[in-house]
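Structure at a glance
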Amino acid sequence: MAEGGLTSHRRDPIKSSVGNVAAHRRRQNAVEVGKERRESLVRAKRLCRVSSSCDDSDVCIENDMIIDEEQSILEAQTSSAVEELKSAVSFQGKGAMQKLVGALREMRRLLSKSEFPPVEAAIKAGAIPLLVQCLSFGSPDEQLLEAAWCLTNIAAGKPEETKALLPALPLLIAHLGEKSSSPVAEQCAWALGNVAGEGEELRSVLLCQGALPPLARMMLPNKGSTVRTAAWALSNLIKGPDHKAATELIRVDGVVDAILRHLRKADEELATEVAWVVVYLSALSNVATSMLVKSDVIQLLVQRLASSNSLQLLIPVLRSLGNVIAGDSHTIVAVLLPGCEITDNVIEVLVKCLKSEHRVLKKEAAWVLSKHCSWFS
């Protein structure tokens, strides 16, 4: 964590070496935690699939492991679908909108079906400029949703395939605003989350193009899949290693209150995504850590640890608590004051995690407890 002189004057001189080691560990965790997240079945990039049921126009694939011949057929179908989309985009006759939406839907189905979606074939056939054209403002929601869905699955592809979406980013970001319907905004957030999940270079592009503020505002409502998707996209966007995005996010009006509300009341799926946002905020930004500590976030993290048995949720909650405790001396004293009720509660939930069957929980809990001992030994 590096924010100029913000941390140096706050650390207790006697404990400065411990604080520096902790800060280094937090930075390293912020970069490496994506791997652990994938291992806990929360993928950095997510394919947006169709329903498992098939209607008359679907081509049902019985086996996820598609052999080469079937893959070749799928790629050929995709090239044909791009040509059909090209024709539909230029068609001006009666039923033009239905023809265009139908072509987009077929493209979306092809990109959603397989464990190995034909993304490369779609890109080579020229799908992206057509999909960008279909994202133009004033288009019907059904058209916008299908186009954004296609782009979402392309963004879930290989690195070079994700980078091919650069021309689409400004419109995807623009559709996060209030002028777009909630389903369209959510689908665009999903696409941007996939792009951000690719790496630091594309995260920097998204931040420069202004993706963070509208995504942050999407996290403010009380509940809903849109909030969950926005939180997931934000966690991909701010994951580092630069602290600036985390600091920018925590300063958006209403974000701290939203984080507290979701940790307190949300279902476990939404709370999990919000907890990952807290992981990166507390790992990368002193400003964010300070603001969170001054709120009720520590108590809420402890409550979630005490009440939940979901490994998906417990991992980011425990990591967040560890990041907070690895902060400057003022933060640590506030959290781990001998004889304080919150200290007793923290130790109680850490002991619970130490008794868990899950290796990751034990490892994290042991590290947090070691910080407690190092500061008060």
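Residues numbered from 1 in each chain as written. Predicted model: local features only at pLDDT ≥ 70, side-chain atom pairs only at ≥ 80, totals over all residues. Heavy atoms only, no water.

Considering the overall build of the protein
For clarity, the cut-off: Secondary structure counts use DSSP, requiring at least four H or I residues in a row for a helix and at least two E residues in a row for a strand, with both numbered from the N terminus. Each residue gets one of three labels from its accessible area relative to the maximum for its type: buried under 20%, exposed over 50%, partly exposed in between, using a 1.4 Å probe on protein chains only. In this analysis, two residues are considered to be in contact whenever any of their non-hydrogen atoms come within 4.5 Å of each other. Methods summary: accessible areas were calculated by the Shrake-Rupley approach with a probe of 1.4 Å, and residue burial reflects only the protein chains presented.
Per the secondary structure count, the protein includes 21 helices and zero strands. Within the protein, buried positions represent 54% of all 377 residues. Within the protein, counting contacts between residues at least 6 apart in sequence, those at least 24 apart form 75% of the total. Of the roughly 16900 Å² of accessible surface on the protein, a fraction of 53% belongs to carbon and sulfur atoms.

Focus: the environment of Gln77
For Gln77, the location among the structural elements is in helix α2 (residues 68-90). On the basis of relative accessible area, Gln77 is assigned to the partly exposed category, the value being 32%. As for Gln77 and Leu110, which are separated by 33 residues in sequence, their C-alpha atoms are 7.9 Å apart.

Digging into the packing of helix α14 (residues 255-265) against helix α17 (residues 297-307)
Working note: a packed helix pair is described by the angle between its axes plus the distance between those axes. Operational definition: Orientation is described by axes fitted as lines to C-alpha atoms, over the contacting stretch for helices, and by angles from 0 to 180 degrees between their N-to-C directions. Convention used here: angles under 35 degrees read as roughly parallel, angles over 145 as roughly antiparallel, angles from 65 to 115 as roughly perpendicular, and any remaining angle as oblique. Crossing handedness is defined as follows: a turn of the near helix away from the far one that is anticlockwise and smaller than a right angle gives a left-handed crossing, while the clockwise case is right-handed. Throughout, the ten residues Ala, Val, Leu, Ile, Met, Phe, Trp, Tyr, Cys and Pro are labelled nonpolar, Asp, Glu, Lys and Arg are labelled charged, and all others, Gly among them, are labelled polar.
α17 packs onto α14 with a crossing angle of 25 degrees between their chain directions and a minimal axis gap of 9 Å. By the angle between their axes, α14 is roughly parallel relative to α17. α14 and α17 meet at a crossing whose hand is left-handed. Of the residues in α17, those in contact with Leu260, His262, Leu263, Arg264 and Lys265 of α14 are Val297, Leu300, Leu301 and Arg304. Across the contact of α14 with α17, the residue classes tally to five nonpolar, one polar and three charged.

As for α14
Every buried residue of α14 is listed here: Val255, Val256, Ala258, Ile259, Leu260, His262 and Leu263. Considering only its buried residues, α14 is in contact with α11 (212-218), α12 (225-237), α13 (244-250), α15 (268-284), α16 (286-294) and α17.

Here's the deal with the state of the cysteines
What counts, and what does not: Criterion for a disulfide: a pair of cysteine sulfur atoms within 2.5 Å.
Evaluation of the coordinates by the stated rule reveals zero disulfides. Here Cys134 is not disulfide-linked; the sulfur of Cys150 is the nearest cysteine sulfur, at 8.6 Å. The class for Cys134 is buried, based on a relative accessible area of 2%.

Digging into the pattern of salt bridges
Stated precisely, the cut-off is as follows: A pairing counts as a salt bridge when a side-chain nitrogen of Lys or Arg comes within 4 Å of a carboxyl oxygen of Asp or Glu.
Evaluated as defined, the whole model comprises nine salt bridges. The salt bridge involving Glu269 is made with Arg228; its shortest N-O contact spans 3.4 Å. Taken together, the residues Glu269 in helix α15 and Arg228 in helix α12 connect sequence positions 41 residues apart. A relative accessible area of 48% places Glu269 in the partly exposed class. Through salt bridges that share partners, Arg105, Arg108, Glu142 and Glu146 make up one connected network.

A few points about α16
Formally: Here a polar contact is taken to be a pair of N or O atoms separated by no more than 3.5 Å, where protein atoms must pair a possible hydrogen donor with a possible acceptor and residues adjacent in sequence count only if both atoms sit in side chains.
With respect to burial, α16 is a largely interior element, seven of its nine residues being buried. Along α16, the residues classified as buried are Asn286, Val287, Ala288, Thr289, Ser290, Leu292 and Val293. Its side-chain oxygen at 3.3 Å from the backbone nitrogen of Val287, Ser285 defines the N-terminal cap of α16.

Considerations on the packing of helix α3 (residues 96-112) against helix α6 (residues 141-155)
The contact between α3 and α6 brings their axes to 9 Å, and the two run at 25 degrees. Taken together, α3 and α6 sit at an angle that is classed as roughly parallel. Classified by chirality, the crossing of α6 by α3 is left-handed. Contacts between α3 and α6 involve Met97, Leu100, Val101, Leu104, Arg105, Met107, Arg108, Leu111 and Ser112 from the first element and Glu142, Gln143, Glu146, Ala147, Trp149, Cys150, Asn153 and Ile154 from the second. Residue composition of the contact of α3 with α6, by class: 10 nonpolar, three polar and four charged.

Considering the packing of aromatic side chains
Filter applied, for reference: Centres within 6.5 Å are what make two rings of Phe, Tyr or Trp a pair, Trp counting through its six-membered ring; a difference in plane orientation under 30 degrees is then read as stacked, over 60 as edge-to-face, and the rest as tilted. Look at NZ for Lys and CZ for Arg. If either is within 6 Å of the ring centre and within 35 degrees of the ring normal, a charge sits over the ring.
In this structure the tally under the stated criterion is one aromatic pair. We note Lys99 situated over the ring of Phe91; from NZ or CZ to the ring centre the distance is 5.7 Å. Sitting above the plane of the Trp149 ring, Arg108 keeps its charged end 4.2 Å from the centroid.

As for the confidence of the model for the protein
Which entries qualify depends on this criterion: Per-residue confidence from the predictor is reported as pLDDT, which spans 0 to 100.
Per-residue confidence for the protein gives a mean pLDDT of 81, with 77% of residues at or over 70. The model gives residues 1-23 a pLDDT under 50, and that stretch makes 36 contacts with residues more than four places away or in other chains. In this model residues 29-43 is a low-confidence stretch, pLDDT under 50, and it forms 28 contacts with partners more than four residues away in sequence or in other chains.

Digging into the side chain of Arg108
One can find Arg108 in helix α3. Residue Arg108 is classed as buried on the basis of its relative accessible area of 10%. In terms of polar contacts, Arg108 uses its side chain to reach the side chain of Glu146, at 2.9 Å.

Quick notes on the environment of Asn222
Checked against the element boundaries, Asn222 lands in the loop between α11 and α12. Between the alpha carbons of Asn222 and Lys265 there is a distance of 8.8 Å; along the sequence they are 43 residues apart. Filtering out sequence-adjacent residues up to four positions away, Asn222 remains in contact with Arg261, His262 and Leu270. Within polar-contact distance, the side chain of Asn222 engages the side chain of Arg261 at 2.6 Å.

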